[in-house]
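# An overview of the molecular structure
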Amino acid sequence: MTTLYDKLGGQPAIEQIVDELHKRIATDSTLNQFFAGTDMVKQRNHLVAFLSQIFEGPKQYAGRPMDKTHAGMNLQQPHFDAIAKHLSEAMAVRGESAEDTKAALERVSNMKGAILNK
């Protein structure tokens, strides 16, 4: 059975998706404030590792748990929805199938409680 990570194209694909996602976040005034002062190279590496892991790829994420990472940020449902929309669009730019995009968004949605600290 092929993993989502493999179906997407492995590490290079995840890197491209994250790069496109970051471009979209940078121009979104509802989100970019949360990244002010963030080392985006470090954040990129963490996000690539995190997505790779939740997409059944290598277990290389060594960052903090999602609830600790997002503690005190007061993230709300609209913020989560905006990230999900940008992720979906980033995957579309890469030409990922609707099925694989849906599977990816479901895995991210499974983390929503921890990300929103609810």
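Preceding block: the structure.
Residues numbered from 1 in each chain as written. Predicted model: local features only at pLDDT ≥ 70, side-chain atom pairs only at ≥ 80, totals over all residues. Heavy atoms only, no water.

So, on to the nonpolar core. Formed by 31 residues in total, the largest nonpolar core has its most connected members in Leu8, Ile14, Phe50, Leu51 and Phe55. The set of elements that each furnish at least two residues to this core consists of α1 (4-8), α2 (10-26), α3 (40-54), α5 (77-93) and α6 (98-109). Ignoring sequence-local partners within four residues, the contact set of Phe55 consists of Thr3, Leu4, Tyr5, Leu8, Ile14, Ala104 and Arg107. (Core = buried A, V, L, I, M, F, W, Y, C linked by side-chain atoms within 4.5 Å. Buried < 20%, exposed > 50% of the residue type's maximum accessible area, 1.4 Å probe, protein only. Helix = DSSP H or I, 4+ residues; strand = E, 2+ residues; numbered from the N terminus. Contact = heavy atoms within 4.5 Å.)

Tracing the sequence through the fold places Thr3 in the segment before α1. Residue Thr3 is classed as buried on the basis of its relative accessible area of 17%. Reaching out from Thr3, the side chain makes a polar contact with the backbone nitrogen of Asp6 at a distance of 3.0 Å. Aside from chain neighbours lying at most four places away, what touches Thr3 is Phe55 and Glu56. (Polar contact = N/O pair within 3.5 Å; in protein donor to acceptor, adjacent residues only side chain to side chain.)

At Glu56, a residue that is not glycine, the phi angle is positive and equals roughly 70°. Of note, Glu56 is situated in the loop between α3 and α4 (66-69). Although it is not a glycine, Asn74 adopts a positive phi angle of roughly 55°. Within the secondary structure, Asn74 sits in the loop between α4 and α5.

With 12 residues, α6 should cover 16 Å at 1.5 Å per step; its first-to-last C-alpha distance of 16 Å lies within 8% of that length. Those residues of α6 that fall on the buried side of the exposure criterion are Asp100, Thr101, Ala103, Ala104 and Val108. Mapping the buried residues of α6 onto a view down its axis gives an arc of 160°, with all of them on the same face. The exposed set on the far side of α6, more than 90 degrees from its buried face, consists of Ala98, Glu99 and Lys102. Looking at the buried residues of α6, the elements they touch are α1, α3, α5 and α7 (112-115). (Expected span 1.5 Å × (residues − 1). Arc of directions from axis to C-beta.)

On to the packing of α2 against α3. Put simply, α2 and α3 touch, their axes get as near as 9 Å, and they point 130° apart. Comparing the axis directions of α2 and α3 gives the class oblique. The two elements α2 and α3 meet at a crossing, and its hand is right-handed. Facing Gln11, Ile14, Glu15, Val18, Asp19, Leu21 and His22 of α2, the residues of α3 in contact are Met40, Gln43, Arg44, Leu47, Val48, Leu51 and Ser52. (Axes fitted to C-alpha atoms, helices over the stretch in contact; angles between N-to-C directions. Parallel < 35°, antiparallel > 145°, perpendicular 65-115°, else oblique. Left-handed = near helix turned anticlockwise from the far one by under 90°.)

What the rule picks out here adds up to 11 salt bridges. When the shortest N-O distance is used, the salt bridge between Lys7 and Glu99 registers 3.5 Å. Within this pair, whereas Lys7 is found in helix α1, its partner Glu99 is found in helix α6, the two being separated by 92 residues in sequence. When its relative accessible area of 39% is taken as the criterion, Lys7 is described as partly exposed. (Salt bridge = Lys/Arg side-chain N within 4 Å of Asp/Glu carboxyl O.)

Shape descriptors only; they carry no functional weight alone.
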